[in-house]
Amino acid sequence: MKIFFVLLIAAVFATCEKEEGIGEPPVDFNGIKASFSSPTGVYDQSTEKLLMKEIEELSHLYEVFEKIYNIYPDLKKLLSGAASQVSGALSTVSSPLTTYGYIKYSCPGADMKNPALDFKKGMVKIESDELKIENNTVSFNGYLKMLFEECLIEGDLLKGVSHILVESDGAVLDFELEDFTGETLFADFRVSMIVSAEKTSFLAYVGGYSFVVDFSYSSDGITASIKASNGQWSCEITQDSVKCDF
Amino acid sequence: MIRAEYGIYKDAEIGTNAAHDAIGVVNLYGKYMFYSTGDFSFSANLGLKWFNPKNFWILSAEKRDELSAVNVYMIPVALTGSYVAADWIGLHLRLGYTFSTVDGALSEGDALAEGGVGGHEVFLQPALTMYPLEGVAVILGAQLPVYSGVYVNTYAETEVYPGVVAGGKVKEFQKLDVKEMNTLYLAVQLCWGSLNLRLTATKGLRFFNEHIKTVLPGAEVFWRF
């Protein structure tokens with residue numbers, strides 16, 4: 001008996017009232033989206049140093065996400081708004097089913113190419129009240145929660161929860177990092193992100209003003225761009241430095 | 001069915017179905033007549049049935065082990081009012097509630113499912129008892145469901161592929177449509193001292209919202225001490 005067969009049995013009672021799950025999102029996703037479309041920060045020489053530091057730290061977080069995506073491309077597809085294929089485990093489900101559900105992804109093993117099969121390097125868990133199973137495909141639509149449970153990725157230990165709104169073209173994330181230790185150290189850090197198939201955008205704050213930082217991978221490595229209220233600039237990120245064309 | 005009933009003191013008795021006990025279905029019920037005056041009496045009934053397949057010795061050892069985490073419980077509660085209209089006829093009306101549940105864990109391959117399925121039911125049970133001869137009773141009765149609901153509480157998890165585990169939890173409740181799902185029975189009870197034999201014909205035996213429309217025969221032997 002596979003999990004979805006069990007859930008299918010429960011779907012017989014599809015008209016029933018659901019009693020538990022992850023509930024309503026505690027964040028204003030529309031407010032976050034609006035912040036991305038109109039950054040309030042002004043780039044000038046006084047903000048440059050702090051802004052570069054922000055970009056450096058966020059690029060590290062971006063790299064950590066990319067390392068997870070390398071092992072689980074499904075996860076990126078899911079956050080990009082595409083349904084996530086999860087193999088033949090669903091073959092027993094012949095009709096659409098919506099229920100509370102989750103997927104646990106084991107964090108990468110020592111080789112960073114494969115997951116740690118014993119889950120001893122922690123895990124990333126996605127939970128949703130709107131897990132949909134249809135045509136052998138699992139998709140999470142609407143609000144979901146992503147939990148990083150002591151996820152060790154090379155030298156970085158990641159712990160925290162992200163509230164996510166998945167839409168057709170990407171996802172809006174409100175990420176509360178309880179702990180992020182390693183090369184970069186964050187504690188009680190909160191960051192807003194937008195993930196799409198092409199790029200990952202972060203909202204960076206300097207002196208209380210917001211800047212949008214977009215990251216993407218190219219053949220040359222990670223590239224970034226900064227959007228402020230007074231312009232937009234490109235940056236090149238190497239292992240040792242961040243250089244922007246201010 | 002083979003029942004044994006014992007009066008523990010005036011107006012109170014306990015009983016068990018020995019046939020069920022013998023195969024591992026532990027069951028006990030009690031009855032207390034808390035009010036009695038002239039032709040009227042009222043009593044309360046409480047029962048418990050518990051079944052774990054590990055005690056169900058007629059199953060294979062392997063099957064018993066596999067199902068050992070599954071438990072089946074049934075708790076019937078009832079209030080019964082009786083009226084002796086004449087020395088040859090009595091009327092009874094029972095208002096009952098039964099809580100039944102199955103919980104436990106089952107595994108198959110790399111999947112694990114835990115949870116419970118159960119139900120709540122409220123019913124009325126009118127009965128007419130006639131005594132045409134010494135030691136003979138004819139009982140005509142019905143079970144009329146008033147309310148019935150079932151719940152499912154399931155947690156299941158399976159490995160989708162190495163390093164990825166999917167799971168889900170469903171907690172649902174549904175009221176069942178039990179209108180016109182009445183059960184009727186006619187019984188003849190013969191009594192020889194403490195030994196009783198009851199032969200029954202039941203029409204419309206029901207399990208949740210499944211209804212067996214054919215007439216089913218039944219026999220019950222019980223001792224009342």
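In this text, all values refer to a predicted model and were calculated from it rather than measured experimentally. (Residues numbered from 1 in each chain as written. Chains lettered and ligands numbered in written order. Predicted model: local features only at pLDDT ≥ 70, side-chain atom pairs only at ≥ 80, totals over all residues.)

1. Concerning the overall build of chain B
Inclusion rule: Numbering goes from the N terminus for both helices and strands, where a helix is a DSSP run of H or I of at least four residues and a strand is a run of E of at least two. Contact between two residues is assigned whenever their backbone-derived C-beta positions fall within 7 Å.
For chain B, the helix and strand inventory stands at two helices and 12 strands. Nonlocal contacts in chain B, meaning residues at least 24 apart in sequence, comprise 45% of its contacts between residues at least 6 apart.

2. Some remarks on the overall build of chain A
Under the convention used in this document: Buried means a residue has 20 or more other C-beta atoms within 10 Å of its own C-beta, exposed means 12 or fewer, and partly exposed covers the counts in between; C-beta atoms are placed from the backbone.
Secondary structure summary: chain A contains four helices and 13 strands in total. Each of the 246 residues in chain A was classed as buried or not, and the buried ones make up 39%. Within chain A, residue pairs in contact and separated by at least 24 positions form 54% of the contacts whose partners lie at least 6 positions apart.

3. Observations concerning the nonpolar core
Residue and element names in this part refer to chain A. Defined as follows: To define a nonpolar core, we join buried Ala, Val, Leu, Ile, Met, Phe, Trp, Tyr and Cys residues through C-beta atoms within 7 Å and take the resulting set.
Ranked by size, the top nonpolar core spans 56 residues in total, and within it Ala-204 and Val-213 carry the most contacts. Looking at which element gives the most residues to this core, the answer is helix H3 (residues 45–71), with nine residues. With residues near it in sequence (within four places) discarded, Ala-204 still touches Leu-51, Glu-54, Ile-55, Leu-58, Phe-211 and Val-213.

4. Describing unusual backbone geometry
All names here are of chain A. A positive phi angle, close to 50 degrees, is found at Glu-150, a residue other than glycine. With 13 C-beta atoms counted inside 10 Å, the residue Glu-150 sits in the partly exposed group. Phi at Glu-154 is positive, roughly 50 degrees, even though this residue is not glycine. Along the chain, Glu-154 turns up in the loop between strand E5 (142–153) and strand E6 (156–167). Since 13 C-beta atoms lie within 10 Å of it, Glu-154 is described here as partly exposed.

5. Considerations on the pairing of strand E2 (residues 12–17) of chain B
Residues and elements named next belong to chain B. Filter applied, for reference: In this description, strands pair whenever DSSP reports at least two bridges between them.
The pairing of strand E1 (residues 2–9) with E2 spans six bridges and is classified as antiparallel. Of the residues in E2, the one forming a bridge with Tyr-6 is Ile-14. Between E1 and the antiparallel strand that follows it, E2, lie two residues; Asp-11 among them carries a positive phi value of about 75 degrees. Of the strand pairs in this sheet, E2 and strand E3 (residues 25–37) are connected by four bridges, and their pairing is antiparallel. Following the sheet pairing, Gly-15 is matched in E3 by Tyr-29.

6. Details of H3 of chain A
The condition that has to hold: Every helix has an expected span of 1.5 Å times one less than the residues it contains.
The first and last C-alpha atoms of H3 of chain A sit 40 Å apart over 27 residues, in line with the 39 Å expected at 1.5 Å per residue. Within H3 of chain A, burial applies to Leu-51, Glu-54, Ile-55, Leu-58, Ser-59, Leu-61, Tyr-62, Val-64, Phe-65, Ile-68 and Ile-71 of chain A.

7. Topic: the environment of Leu-75 of chain A
Residues and elements named next belong to chain A. Summarising the element assignment, Leu-75 is placed in helix H4 (residues 73–79). A C-alpha to C-alpha distance of 9.9 Å links Leu-75 and Val-124, two positions 49 residues apart in sequence. Each residue touching Leu-75, except ones within four places of it in the same chain, is listed here: Ile-68, Tyr-69 and Tyr-105.

8. Brief notes about the confidence of the model for chain A
Residue and element names in this part refer to chain A. Rules: A score from 0 to 100, pLDDT tells how confident the predictor is in each residue.
Here chain A averages 80 in pLDDT, while 78% of its residues score no lower than 70. Predicted confidence is poor over residues 1–19, with pLDDT under 50, and the contacts of this stretch with residues over four places away or in other chains come to 47 contacts. Note that pLDDT drops below 50 for residues 87–95; the model gives that stretch 19 contacts with residues more than four away or on any other chain.

9. A few points about the confidence of the model for chain B
Parts of the model with low pLDDT should not have their predicted coordinates read in detail. All names here are of chain B. Looking at chain B as a whole, the pLDDT averages 85, with 92% of positions reaching at least 70. Per-element mean pLDDT across chain B ranges from 75 in strand E9 (residues 164–175) up to 94 in strand E10 (residues 183–192). We note a pTM of 0.61 for the whole complex and an ipTM of 0.76 for its interfaces.

10. Observations concerning the environment of Glu-5 of chain B
All names here are of chain B. Looking at the secondary structure, you find Glu-5 in strand E1. The class of Glu-5 is partly exposed, set by 17 C-beta atoms lying within 10 Å. In the structure, Glu-5 is positioned 189 residues away from Ser-194 in sequence and 9.5 Å away in space, judged by C-alpha atoms. The residues contacting Glu-5, other than those within four sequence positions of it, are Glu-13, Gly-15, Phe-222, Trp-223, Arg-224 and Phe-225.

11. Topic: the environment of Glu-220 of chain B
Note on placement: Glu-220 of chain B falls in strand E12 (residues 210–224). Taking the C-alpha atoms as reference points, Glu-220 of chain B and Leu-197 of chain B, separated by 23 residues in sequence, lie 5.8 Å from one another.

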